[in-house]
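# Observations on the model geometry
Chain residues, written in single-letter form:
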Amino acid sequence: MLLLIFTSGAIWFLFHLPDSINPFSPLEIADAPNLVTPLKLRILGARPEACAGVIKRAGVEVTRAPILSDEADCGADDAMTLKKSQVVYGDGVEMTCPALTALMIWERHVAIPAARAEMGADLTRIIHYGSYQCRNVNGAKDGKRSKHASARAIDIAGFQFSDGQKISVLKDWGQDTPAGRYLKRVHDGACEVFNGVLGPDYNALHANHFHFERGAWSYCK
Ligand SMILES: [Zn+2]
């Protein structure tokens, strides 16, 4: 009897949860990230059509661009090329749908609001060093493939704002300035949607950029 009460209570609870925290309701980029966002992103990985719908509903413009590669463990079936979001990235953002969705949540709920709060201006451009690239971790000759090789990662190097300010991970990381605080916020905020985040505090190879990835492990350094 107690079990029945508990089970029906649990089912009632699930059906009455707000969509943003209900793991069974679809992810929306408009929802601020929370504890179930990583789970929802993982579910989207197995549902390319549903994921394309998430991107479309948020008004993000993309073209489907499956990446073919003859090299082992490179390429991605569900890759998309980013055409237009609320911020300009320049060319070459090619990511799998769940990884791009994570980037869009970060852009909307972390990078854009933090710009107003810390820099007193709107974020207009994100400078990146690339997303898809068929290579190993850290560009090493041997070893395992980087998440860049499966279009699940992007390297972010700097930011530009509506008043002309430009900041970079290389020059402004760790500074007790608005730029330094902005970089800290966008780095830490990325850990809510990407399960792999590396920055200058991790190693010298990341002195000039943040690495964001949707991978199997969880780290935020
Ligand atoms: Zn990287």
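The rules behind the values
- Residues numbered from 1 in each chain as written.
- Predicted model: local features only at pLDDT ≥ 70, side-chain atom pairs only at ≥ 80, totals over all residues.
- Heavy atoms only, no water.
- Helix = DSSP H or I, 4+ residues; strand = E, 2+ residues; numbered from the N terminus.
- Buried < 20%, exposed > 50% of the residue type's maximum accessible area, 1.4 Å probe, protein only.
- Donors = N, O, S within 2.8 Å, 3.2 Å for Na, K, Ca; no water.
- Polar contact = N/O pair within 3.5 Å; in protein donor to acceptor, adjacent residues only side chain to side chain.
- Contact = heavy atoms within 4.5 Å.

## Re the environment of Met119
Mapped onto the elements of the fold, Met119 is located in helix α4 (residues 97-119). Judged by relative accessible area, which is 9%, Met119 ranks as buried. The spacing of Met119 and Ala179 is 60 residues in sequence and 6.8 Å in space, taken between C-alpha atoms.

## Comments concerning the coordination of the zinc ion
Donor atoms from the polypeptide that coordinate the zinc ion comprise His148 (NE2), Asp155 (OD) and His211 (ND1), at 2.0 Å from the metal. Mapping the donors of the zinc ion onto the primary sequence yields the spacing H-x6-D-x55-H. Of this pair, His148 sits in the loop between β4 (123-130) and β5 (153-161) while His211 sits in strand β8 (residues 210-213), placing them 63 residues apart in sequence. For His148, a relative accessible area of 1% translates into the label buried. When its relative accessible area of 7% is taken as the criterion, His211 is described as buried.

## Looking at the side chain of Ser168
By the secondary structure assignment, Ser168 is in strand β6 (residues 166-168). Residue Ser168 is classed as buried on the basis of its relative accessible area of 18%. Looking at Ser168, its side chain comes within polar contact range of the main-chain nitrogen of Lys171, at 3.1 Å. Setting aside chain neighbours within four positions, we find Ser168 in contact with Ala157, Gly158, Trp173 and Leu183.

These figures come from the coordinates and say nothing about function on their own.
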